[in-house]
Amino acid sequence: MCQIFIRADPELYVMRSRSMRLRGVATSIRLENQFWDVLEEIGARDGLTLPRLISKLYDELAEAGGGDGTHLLPANFTSFLRVCCGRYMALQLAGAIPADTRVAISSLDAERVLAAERPRSAANQVA
């Protein structure tokens, strides 16, 4: 089993930092190359550059928090981005997000996509 994972191209797990502005504040985000690749794919589906996608995710997450715009901002935004990548790939495997990267994420019915995702509590229950 482990050979499947340990024989991966080492470039996939090399960390890389990228500098960008989030809400006017210069910051640096450090992720493994594989996550940068997935984020680039997600952004490309909607014609967004990588910095624009990350800024959009940050802004929408803050706005979803309500009045002061900070309720939903995670303490570790890079962890949020990694989870976004994992969910994107899992939703593709579940068929909720088309594998055809020409289909824009923004064109999908969010409620239908989310319905395909099992709640974490249900996934952890033993039958």
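Calculation rules
Residues numbered from 1 in each chain as written. Predicted model: local features only at pLDDT ≥ 70, side-chain atom pairs only at ≥ 80, totals over all residues. Heavy atoms only, no water. pLDDT = per-residue confidence, 0-100. Helix = DSSP H or I, 4+ residues; strand = E, 2+ residues; numbered from the N terminus. Axes fitted to C-alpha atoms, helices over the stretch in contact; angles between N-to-C directions. Parallel < 35°, antiparallel > 145°, perpendicular 65-115°, else oblique. Left-handed = near helix turned anticlockwise from the far one by under 90°. Contact = heavy atoms within 4.5 Å. Nonpolar A, V, L, I, M, F, W, Y, C, P; charged D, E, K, R; others polar. Polar contact = N/O pair within 3.5 Å; in protein donor to acceptor, adjacent residues only side chain to side chain. Buried < 20%, exposed > 50% of the residue type's maximum accessible area, 1.4 Å probe, protein only. 1 Å grid on protein atoms, 1.4 Å probe; cavity = no way out; pocket = protein on both sides within 12 Å on 5 of 7 lines; lining within 4 Å. Points joined across faces, edges and corners; volume = space filled by probe spheres on them.

A. View of the confidence of the model for the chain. Of the residues in the chain, 84% reach a pLDDT of 70 or more, and the chain-wide mean stands at 87. Put simply, helix 6 (residues 120–124) is where the chain has its lowest mean pLDDT, 54, and helix 2 (residues 33–45) is where it has its highest, 98.

B. Structural view of the packing of helix 2 against helix 4 (residues 77–93). At their nearest, the axes of helix 2 and helix 4 sit 10 Å apart, and the two run at 65 degrees to each other. It follows that helix 2 is roughly perpendicular to helix 4 by the angle criterion. Once helix 2 is placed against helix 4, the crossing between them reads as left-handed. Where helix 2 approaches helix 4, its residues F35, V38, L39, E41, I42 and R45 are matched on the opposing element by L81, R82, C85, Y88, M89 and Q92. A per-class count over the contact of helix 2 with helix 4 returns eight nonpolar, one polar and three charged.

C. Geometry of the packing of helix 3 (residues 50–64) against helix 4. In contact at an axis separation of 12 Å, helix 3 and helix 4 are set at 105 degrees when each is read in the N-to-C sense. In terms of orientation, helix 3 and helix 4 fall into the roughly perpendicular class. Of helix 4, the residues touching helix 3 (which contributes I54, L57, Y58 and L61) are F77, F80 and L81. Looking at side-chain class alone, the contact of helix 3 with helix 4 contains seven nonpolar, no polar and no charged residues.

D. Structural context of the environment of R112. Tracing the backbone shows R112 in helix 5 (residues 110–115). Expressed as a C-alpha distance, the spacing of R112 and I97, which sit 15 residues apart in the sequence, is 9.7 Å. Once residues lying within four places of it in the same chain are set aside, the contact partners of R112 are G95 and A96. A distance of 3.2 Å separates a polar atom in the side chain of R112 from the backbone oxygen of A96.

E. Layout of unusual backbone geometry. Positioned with a positive phi, R23 is a non-glycine residue whose angle comes to about 55 degrees. Its place among the elements puts R23 in the loop between strand 1 (15–22) and strand 2 (25–32). With a relative accessible area of 45%, R23 lands in the partly exposed category.

F. A look at the layout of surface pockets. Reported here for the largest pocket is a volume of approximately 850 Å³. Forming the walls of the largest pocket are 23 residues, and the residues nearest its centre are I42, L57, E60, C84 and I105. Contributions of two or more residues to the lining of the largest pocket are made by helix 2, helix 3, helix 4 and helix 5. In the lining of the largest pocket, the residues fall into 18 nonpolar, one polar and four charged.

G. Structural view of the side chain of T78. Within the secondary structure layout, T78 lies in helix 4. Residue classification places T78 among the buried positions, given a relative accessible area of 15%. Those residues within four positions of T78 in sequence are excluded, and the remaining contacts are I29, R30 and L31.

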